[in-house]
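# Chain and residue survey
Read off the chains here:
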Amino acid sequence: MTMARVLVVDDESGIRTVLREYLRADGHEVVEAATGREALDRFAAQTCDLVLLDVGLPDIDGLEVLRLLRRESDVYVILVTARTEEVDKLVGLQVGADDYITKPFSPREVAARVKTVLRRARQDVAAPEVSRAMDFGTLRINPERREVTRSGVGIDLSALEFDLLLAMAGSPGRVWSRRQLLEHVWGGDFFGDERVVDVHIRNLRRALGDDATSPSVIATVRGVGYKFLPGA
C-alpha cells in the first residue's frame, strides 16, 4: 500500500489525537494543524495527499481555508463539520470539497472515507481508462493532461469534477445512476449521502456553462440519474 500524507485540521487536540492514531494505523503520515492559518502554512511547506478539514476553526472559517486551498491545489479535501444543516454541506461542496463527515463521527468511518478517496486517487494515476483526447463538438477532454476546453477556452475543474466528466464522456449516451457514479468515481466502498453526486454535477454544469433546463453536455434522466450528451 502506498503511504499518504494527511493533513488533519481541528482545533480540538483530542480529535486530532484520535484521528492521528487511526490514520497512522493505516500506514499514513499525519501532519496536524489547530487553526486555519496554521493549516495553510503547513500545506504550503509540504505536499499533502488529502486534507481532513474542520469547518469550525477559531481563526479562519474552514470553508474559507478550503477556498484558499483551491486557488493553488486540487488536493482531496474531506470536510468535518458539526453543522448539520444541508445548506452548510452544499456550500462546502460547492467550494471544492470532495466529501463531508458530520460530527459526532466514528474514527473508523473517517479512516474508511480517507482510504476510499486515496484509493480512487491512486487508480486515477495508475490505470486511467481513457488516454486519448476526446472531442464532442466544442468540448475537448484530454485525460492524459487532465484538461478540458470548450470552444478553445480552458475550463478549471476540480479533480473530482474532472473524474465525473471523464467517466460519463467515456460512455456517451449511457444513463448513470448516482450509485453507479459513486462506485465508478468515488470507489465501490463509498458510504454516505448519494446526493453528493447532485452537488458535483451542479458544479460541473456551472463550470461548463451548461443549462440544466436545456442541457448540451449533461442531461438529467428523471428518477434515474444523468447522461453525457455526445453533441456537446
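Refer to the preceding data block for the structure.
To keep things clear, this report deals only with the structure shown in the data block. Note that this is a predicted model, so its numbers are computed, not measured.

With that settled, the discussion passes to the overall build of the protein chain. When its secondary structure is counted, the protein chain shows eight helices and 12 strands. Relative to its 232 residues, the protein chain shows a buried fraction of 49%. Considering only contacts in the protein chain between residues 6 or more positions apart, those separated by 24 or more positions represent 58%. Carbon and sulfur atoms provide 48% of the accessible area of the protein chain, an area that totals close to 10,800 Å².

Moving on to empty space enclosed by the protein. Taken as a whole and assessed by the stated rule, the structure comprises two cavities of 30 Å³ or more. Approximately 50 Å³ is the volume found for the largest cavity. If you list the elements that add at least two residues to the lining of the largest cavity, you get strand S4 (76–81) and helix H4 (86–94). Within the lining of the largest cavity, the residues separate by chemical class into four nonpolar, one polar and three charged.

Glancing now at the packing of aromatic side chains. Enumeration over the complete set of coordinates arrives at one aromatic pair. Centroid distance Phe136 to Phe228: 4.7 Å. Interplanar angle 70 degrees. Geometry classified as edge-to-face. Within this pair, whereas Phe136 is found in strand S6 (residues 134–136), its partner Phe228 is found in strand S12 (residues 225–228), the two being separated by 92 residues in sequence. The exposure classification of Phe136 matches that of Phe228, with both residues buried. Here Arg174 stacks its cationic end above the ring of Trp176, 3.6 Å away from the centre of that ring.

For helix H2 (residues 36–45), the set of buried residues is Gly36, Ala39, Leu40 and Phe43. Along H2, the residues classed as buried sweep out an arc of 95 degrees about the axis, all on the same side. Of the surrounding secondary structure, the elements contacted by the buried residues of H2 are strand S1 (5–9), strand S2 (29–33), strand S3 (50–54) and helix H3 (62–72).

Attention now goes to the sheet that holds strand S11 (residues 218–221). With antiparallel pairing, the three strands of this open sheet are ordered in space as S10-S12-S11. A single partner strand is all that each edge strand has here, and the edge strands are strand S10 (175–177) and S11. Each adjacent strand pair in this sheet contributes to an overall mean axis angle of 35 degrees, direction not counted. Of the strand pairs in this sheet, S10 and S12 are connected by three bridges, and their pairing is antiparallel. By the bridge assignment, Trp176 is partnered in S12 with Tyr226. Packing of helix H7 (residues 178–186) onto the sheet brings it into contact with S10 and S12, and relative to S10 it is tilted by some 85 degrees. The sheet strands contacting helix H8 (residues 196–208) are S11 and S12, and the helix crosses S11 at an angle near 145 degrees.

This part covers the sheet that holds strand S8 (residues 147–150). Taken in spatial order, the four strands make up an open sheet running S6-S7-S8-S9, and their pairing is antiparallel. The open sheet terminates on both sides in strands that have one partner only, identified here as S6 and strand S9 (153–155). On average, each strand axis in the sheet is tilted by 25 degrees relative to the strand beside it, whichever way the strands run. Each of S6, strand S7 (139–142) and S8 touches helix H6 (residues 159–169); the most contacted strand, S7, lies at about 105 degrees to it.

Further remarks concern the environment of Lys115. Of note, Lys115 is situated in helix H5 (residues 107–126). Judged by its relative accessible area of 31%, Lys115 falls in the partly exposed class.

Next up on the list: the packing of H6 against H8. Look at H6 against H8: their axes get within 10 Å of each other, and the N-to-C directions meet at 85 degrees. Judged on the interaxial angle alone, H8 and H6 are roughly perpendicular. In this structure, H6 contributes Leu160, Glu161, Leu164, Leu165 and Met168 to the contact, and H8 contributes His200, Ile201, Asn203, Leu204 and Leu208. Counted by class, the contact of H6 with H8 contains seven nonpolar, two polar and one charged residues.

Because side chains alternate across S8, one face comprises the buried residues Val148 and Arg150, and the other comprises Glu147 and Thr149, none of which is buried. Relative to S8, S7 is paired through four bridges, and the arrangement is antiparallel. From the neighbouring strand, Arg140 faces S8, where its bridge partner is Thr149. In sequence, S7 turns back onto S8 through a hairpin of four residues, with Arg146 there showing a positive phi of about 50 degrees.

Conventions adopted
Residues numbered from 1 in each chain as written. Predicted model: local features only at pLDDT ≥ 70, side-chain atom pairs only at ≥ 80, totals over all residues. Heavy atoms only, no water. Helix = DSSP H or I, 4+ residues; strand = E, 2+ residues; numbered from the N terminus. Buried < 20%, exposed > 50% of the residue type's maximum accessible area, 1.4 Å probe, protein only. Contact = heavy atoms within 4.5 Å. Areas by Shrake-Rupley, 256 points an atom, 1.4 Å probe, with all protein chains shown as cover. 1 Å grid on protein atoms, 1.4 Å probe; cavity = no way out; pocket = protein on both sides within 12 Å on 5 of 7 lines; lining within 4 Å. Points joined across faces, edges and corners; volume = space filled by probe spheres on them. Nonpolar A, V, L, I, M, F, W, Y, C, P; charged D, E, K, R; others polar. Phe/Tyr/Trp six-rings, centres within 6.5 Å; stacked < 30°, edge-to-face > 60°. Lys NZ or Arg CZ within 6 Å of the ring centre and 35° of its normal. Arc of directions from axis to C-beta. Pairing = 2+ DSSP bridges. Axes fitted to C-alpha atoms, helices over the stretch in contact; angles between N-to-C directions. Parallel < 35°, antiparallel > 145°, perpendicular 65-115°, else oblique.

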